[in-house]
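# Structural overview for review
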Amino acid sequence: MARKVVGLSILVAGAATSITVATGAAVAQPRDCVLDRWATGASAHCGGEGAYILEVDCLGVNLAYGRPLGPYNKSVTGFADDPAGRPSRDCMMPTTLGQVGIATGVRITQVPTRPGLPDNAWEYDPGRR
């Protein structure tokens, strides 16, 4: 029984190693991402190369667009290894956008997972198109 377990483990490890070596490293992919989250928003920074998107799901009052009460989304594009770039979004912007909310979800993606902000929004990011 022990020989079968060891033999199967070696077979699985060998297959995983060959798959990893065959695929190689992805080019222009952000890596080593750090996500700093607080109650009302988040910021992100990634190493490597390429662009990434910080998405924040908010819940609260939103007078800028959509329904005035309920969930709303915010996002921003960041660029890996940009020392000055640490994109962030906050759900609390009562004076500029009329938004008062908390962050219910935060993620870093390479492609948008939901619609972006409308063209007339103050925070609209043209890099999302």
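Our subject in this report is the structure included herewith. (Residues numbered from 1 in each chain as written. Predicted model: local features only at pLDDT ≥ 70, side-chain atom pairs only at ≥ 80, totals over all residues. Heavy atoms only, no water.)

It is worth spelling out unusual backbone geometry at this point. Not every positive phi belongs to a glycine, and D32 is a case in point at roughly 50°. With respect to the helices and strands, the residue D32 is situated in strand β1 (residues 30–38). Owing to a relative accessible area of 62%, D32 belongs among the exposed residues under this scheme. (Helix = DSSP H or I, 4+ residues; strand = E, 2+ residues; numbered from the N terminus. Buried < 20%, exposed > 50% of the residue type's maximum accessible area, 1.4 Å probe, protein only.)

Another aspect to go through is the state of the cysteines. Taken as a whole and judged by the stated rule, the model has two disulfides. Two residues share a disulfide in this structure: C33 and C46, whose sulfurs sit 2.0 Å from each other. Residues C33 and C46 are joined by a disulfide whose S-S torsion is about 110°; by sign, that bridge is right-handed. Here C33 is found in strand β1, whereas its partner C46 is found in strand β2 (residues 41–48), with 13 residues between them in sequence. According to the relative accessible area criterion, C33 is partly exposed, its value standing at 37%. The class of C46 is buried, set by a relative accessible area of 0%. Here C58 pairs with C91 through a disulfide, and the sulfurs are 1.9 Å apart. On the S-S bond that ties C58 to C91, the torsion sits near -75°, and the link is left-handed. On the criterion of sequence distance, the pair formed by C58 in strand β3 (residues 51–62) and C91 in the loop between β5 (88–90) and β6 (99–109) is long-range, its members being 33 residues apart. Numbered by order of appearance in the sequence, the disulfide-linked cysteines of the chain pair as 1-2, 3-4. (Disulfide = S-S within 2.5 Å.)

To continue, consider the pattern of salt bridges. The final tally for this structure, using the stated rule, is four salt bridges. Among the ionic pairs, R86 bridges to D36, the shortest N-O distance being 2.0 Å. Note that R86 is positioned in the loop between β4 (69–79) and β5 and D36 in strand β1, a separation of 50 residues in sequence. For D36, a relative accessible area of 31% gives the class partly exposed. With its nearest N and O atoms 2.8 Å apart, the salt bridge here joins R107 to E55. One end of the pair, R107, is in strand β6; the other, E55, is in strand β3, and 52 residues separate them in sequence. With relative accessibility at 24%, the residue R107 sits in the partly exposed group. Linked by salt bridges that have partners in common, E55, D57 and R107 make up one network. (Salt bridge = Lys/Arg side-chain N within 4 Å of Asp/Glu carboxyl O.)

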